[in-house]
Amino acid sequence: MARSILYLGDTALDNAAAYLAGLLHHYDLPADYAPSSQKADAALLDAERRCFILSDYPSAMLDPALQARLLAQVRQGAGLLMCGGWESFHGSGGDWDGTPIGDALPVEISSLDDRVNCDRPVLICRTVDHPTVADLPWDQRPPVIGGYNRVTPADGATVVLEAQSFDVRRDGDAFQFTPERRDPLLVVGALGQGRVAALMTDVAPHWVGPLVDWGPDRITAQAPGAGEIEVGCDYAQFLHQLVRWTAG
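Below you will find a few notes about this structure.

Cut-offs used in this document
- Residue indices follow the written sequence of each chain, beginning from 1 at its first position.
- Given that the model is predicted, a residue must reach a pLDDT of at least 70 before its local features are reported, and side-chain atom pairs must reach 80 or more before they are shown or counted; all residues, however, enter totals for whole chains, interfaces and linings.
- Heavy atoms throughout the structure, all of them, feed into the side-chain values; hydrogens and water do not.
- Under the pairing criterion, centres of Phe, Tyr and Trp rings, with the six-membered ring standing for Trp, must be within 6.5 Å; the plane angle then separates stacked pairs below 30 degrees from edge-to-face pairs above 60, leaving the rest tilted.
- The way it works is that DSSP assigns letters per residue, a run of H or I at least four long becomes a helix, a run of E at least two long becomes a strand, and they are numbered from the N terminus.
- To sort residues, take the accessible area from a 1.4 Å probe on protein chains only and compare it with the maximum for the residue type: under 20% means buried, over 50% means exposed, and anything in between is partly exposed.
- Charge-over-ring placement is defined geometrically: NZ (Lys) or CZ (Arg) within 6 Å of the ring centre, and within 35 degrees of the ring normal.
- Strands qualify as paired when DSSP identifies two bridges or more between them.
- By convention a crossover is right-handed if, when the strands point away from the viewer, the path from the first strand over the helix to the second runs clockwise.
- Contact definition: two residues touch when any of their heavy atoms are within 4.5 Å.
- A side-chain nitrogen of Lys or Arg and a carboxyl oxygen of Asp or Glu constitute a salt bridge if their distance falls within 4 Å.
- Axis geometry follows a simple rule: fit a line to the C-alpha atoms, using only the stretch in contact for helices, then measure angles between N-to-C directions, giving values from 0 to 180 degrees.
- Any angle that is under 35 degrees is reported as roughly parallel, and any over 145 degrees as roughly antiparallel; angles of 65 to 115 degrees are reported as roughly perpendicular and all others as oblique.

1. What about the packing of aromatic side chains?
Here is step 1: Inspection of every chain in the model, using the stated rule, returns 4 aromatic pairs.
Here is step 2: Ring geometry for Trp138 against Phe238: centres 5.4 Å apart, planes inclined by 90 degrees, an arrangement best described as edge-to-face. Of this pair, Trp138 sits in the loop between strand E7 (122–126) and strand E8 (147–149) while Phe238 sits in helix H4 (residues 233–247), and the two are 100 residues apart along the sequence.
Here is step 3: Relative to Phe177, the ring of Phe166 lies with its centre 6.0 Å away and its plane at 80 degrees, an arrangement referred to as edge-to-face. Within this pair, whereas Phe166 is found in strand E10 (residues 158–171), its partner Phe177 is found in strand E11 (residues 174–191), the two being separated by 11 residues in sequence.
Here is step 4: Since its relative accessible area comes to 48%, Phe177 is described here as partly exposed.
Here is step 5: The rings of Trp138, Trp214 and Phe238 are connected pair by pair, giving a single aromatic cluster.
Here is step 6: Lying over the aromatic face of Trp86, Arg115 brings its terminal NZ or CZ to 4.3 Å of the ring centre.

Structural data, given as structure tokens:
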């Protein structure tokens, strides 16, 4: 049997998790799922996994001993991806700083609230060519997000995407955009034989913002037990490439 993905978090399948779960199903990537309210048990780590995805899943739900078992699989070639959210990285109740998994990610996580809720434009900028972001219109049609976790790239990690914030003022009939700070948004690295990735924005509303509709065409998908989603084709391709690269 093909190795499956273990996807933890994003509230529940009838809620935010419908987005990523739907795309995993759409692209024939088998996955087991546990909601944010369910404490992970040893049985979830008994199977040999292709990739582990943690998104809005509090560290308190995954005991340090199970985190160590998860990381042992990553060192042997599985992937590890953490997506952003209020319960990711430090966030508000994520508290992954100082944990085995937090220390294994390609970013340094703050011990303070790292949430950035954006009330002005924040565009995604590609910084390097990488398989996770290939063949997408980052320069011609840069997508917009609504929030992210602020982290620091770890030594030796690669920053693939950045979040560019803008101050905006209206001048007559025109809007003046002034670039402000940039923060890392997608950082990738390695752990043993496995790949690790940190995407600091969410993959579902509300932080995902207009990114969820990125692309000229629409894709519909529905995972078993989840609601149907309708998303932009470029958003779908980006997440597909990110998961497949991380999974090796």
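2. Focus: unusual backbone geometry
Here is step 1: With an omega dihedral of 20 degrees, the bond running from Pro205 to His206 counts as a cis peptide bond.
Here is step 2: Of note, Asp28 is a non-glycine position whose phi angle comes to about 55 degrees, a positive value.
Here is step 3: Despite not being glycine, Phe89 has its phi angle at roughly 50 degrees, a positive value.
Here is step 4: Mapped onto the elements of the fold, Phe89 is located in the loop between strand E4 (79–83) and helix H3 (100–104).

3. Re the pairing of E4
Here is step 1: Where burial is concerned, most of E4 is hidden: 5 out of the 5 residues are buried.
Here is step 2: Covered by surrounding structure in E4 are Gly79, Leu81 and Cys83 together with Leu80 and Met82, the residues of both alternating faces.
Here is step 3: Across 5 bridges, the pairing between strand E3 (residues 49–55) and E4 is parallel. Opposite Phe52, over in E4, you have Leu80 as the bridge partner.
Here is step 4: Since E3 and E4 lie parallel, the crossover through helix H2 (residues 64–75) that links them has a hand, and here it is right-handed.
Here is step 5: Of the pairings in the sheet, the one linking E4 to strand E12 (residues 194–199) comprises 4 bridges and is parallel in character. Directly across from Leu80, in E12, lies its bridge partner Val196.

4. Focus on helix H1 (residues 17–26)
Here is step 1: Counting buried residues in H1 gives 7 out of 10 residues, a clear majority hidden from the surface.
Here is step 2: For H1, the full list of buried residues reads Ala17, Ala18, Leu20, Ala21, Gly22, Leu23 and Leu24.
Here is step 3: Those residues of H1 that are buried are in contact with strand E1 (4–9), strand E2 (31–34), E3, strand E13 (218–221), strand E14 (229–232) and H4.

5. What to know about the pattern of salt bridges
Here is step 1: Within this structure, the stated rule accounts for 14 salt bridges.
Here is step 2: The residue Lys39 makes a salt bridge to Asp63 at a minimum N-O spacing of 2.9 Å. A residue pair is termed long-range when its members are at least 10 positions apart, and Lys39 in the loop between E2 and E3 and Asp63 in the loop between E3 and H2 qualify at 24 residues.
Here is step 3: Given a relative accessible area of 33%, Asp63 falls into the partly exposed group.
Here is step 4: The partner of Glu230 in a salt bridge is Arg218, with the nearest N and O atoms 3.1 Å apart. In this pair, Glu230 is assigned in strand E14 and Arg218 in strand E13, connecting sequence segments 12 residues apart.
Here is step 5: Its relative accessible area of 47% is what places Glu230 among the partly exposed residues.
Here is step 6: The network of salt bridges with common partners includes Arg120, Asp167 and Arg169.

6. What about the packing of H1 against H4?
Here is step 1: In the contact formed by H1 and H4, the axes pass within 10 Å of each other and the chain directions differ by 75 degrees. Considered as vectors, H1 and H4 are oriented roughly perpendicular to each other. Across the interface between the two elements, Tyr19, Leu20, Leu23 and Leu24 from H1 touch Tyr235, Ala236, Leu239 and Val243 from H4.

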